[in-house]
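# Understanding the architecture of this molecule
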Amino acid sequence: SDESKIESAKEEVKDAKQDLKEARGDAKVATVRTATAEEWKAFRESTELQIKANEARIAELKIKMNQPGKALDEMYKIKIEALEQKNRDLRARMEGYEKTQTDWEKFEKDFKRDLDEIGRDMNDIGKALKNLSVDNQ
């Protein structure tokens, strides 16, 4: 009958839509790629330099904080220690990615964002310490 043909056609359309939805999901998963050897090498070298620069900057901040005659809060010490931990965490994340090779674009974007955040935080602390030393003179 015509009604059964219509119902059958509706089911086929419904199944086709579901198949399309699943295919799109599979395609999305397939587009998650890992870094090429060249991308990873360049990324690792540049971020390693930034992490080492962060370590040097953190050491400078510690020296400024410990200079005689400066009355600094415990807050600066805590902030500097937090920066140091974030920097160590970045290094660990980099090593972790090298072992797991997950979604490259997401990893790179998130890593760069966190690295930039550490840089901004260090600049803020550096400015605050500088302003404090100017106020004390």
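Each remark here, short or long, concerns the structure printed above.
Conventions adopted
For every chain, the first residue of its written sequence is number 1, and the numbers climb from 1 along that sequence. A pLDDT threshold of at least 70 governs which residues receive local features in this predicted model, and a stricter bar of 80 or more applies before side-chain atom pairs are shown or counted, although totals over entire chains, interfaces and linings include all residues. In computing side-chain values, all of the structure's heavy atoms are included and hydrogens and water are not. Whenever a carboxyl oxygen of Asp or Glu lies within 4 Å of a side-chain nitrogen of Lys or Arg, that contact is scored as a salt bridge. Numbering of helices and strands starts at the N terminus; helices are DSSP runs of H or I of at least 4 residues and strands are runs of E of at least 2. Exposure above 30% relative accessible area and no salt bridge define the residues that can form patches, which grow by joining like charges within 9 Å and nonpolar side chains of Val, Leu, Ile, Met, Phe, Trp and Tyr within 5 Å. Throughout, the Shrake-Rupley method with a 1.4 Å probe supplies accessible areas, and for residues the shown protein chains are the sole cover considered. As used throughout, the charge tally considers Lys and Arg to be positive and Asp and Glu to be negative, leaving His and the chain termini uncounted. Every charge is mapped onto a representative atom, which is NZ of Lys, CZ of Arg, CG of Asp or CD of Glu. Think of it in three bands: residues with accessible area under 20% of the maximum for their type are buried, residues over 50% are exposed, and the middle band is partly exposed, with areas taken using a 1.4 Å probe on protein chains only. We call two residues in contact when some of their heavy atoms are within 4.5 Å. Centres within 6.5 Å make a pair out of two Phe, Tyr or Trp rings, where for Trp the six-membered ring is used; the pair is then stacked when the planes are under 30 degrees apart, edge-to-face when over 60, and tilted otherwise.

With that settled, consider the pattern of salt bridges. A side chain of one charge can pair with a side chain of the opposite charge if their charged atoms are brought near each other. As enumerated under the stated definition, the model contains 12 salt bridges in all. Of the charged contacts in the structure, one is a salt bridge between Lys62 and Glu84, with a shortest N-O distance of 2.9 Å. Placement of Lys62 in helix α2 (residues 37–65) and of Glu84 in helix α3 (residues 74–100) is noted, with a sequence separation of 22 residues between them. With a closest N to O distance of 3.4 Å, Glu108 and Lys112 form a salt bridge. Residue Glu108 and its partner Lys112 are located together in helix α4 (residues 104–136), separated by 4 residues, close to a single helical turn.

Okay, a negative patch on the surface next. A cluster of like negative charges, contributed by Asp2, Glu3, Glu7, Glu11, Glu12, Asp15, Asp19, Glu22 and Asp26, occupies part of the molecular surface. For Glu7, the location among the structural elements is in helix α1 (residues 2–31). With a relative accessible area of 45%, Glu7 lands in the partly exposed category.

We now examine the side chain of Asn87. With respect to the helices, strands and loops of the structure, Asn87 is situated in helix α3. Asn87 has contacts with Ile51, Asn54, Glu55, Ile58 and Ile118, leaving out every residue within four places of it along the chain.

What follows is about the packing of aromatic side chains. Counted according to the given criterion, the structure contains 11 aromatic pairs. Seen in terms of ring centroids, Trp40 and Trp104 are 6.1 Å apart; in terms of plane orientation they differ by 80 degrees. Their pairing is edge-to-face. Residue Trp40 is located in helix α2, and its partner Trp104 is located in helix α4; the two are separated by 64 residues in the primary sequence. Each member of the pair, Trp40 as well as Trp104, is classed as buried. With 6.2 Å between their ring centres and 50 degrees between their planes, Trp40 and Phe107 make a pair best called tilted. Taken together, the residues span a long stretch of sequence, with Trp40 in helix α2 and Phe107 in helix α4 at a distance of 67 residues.

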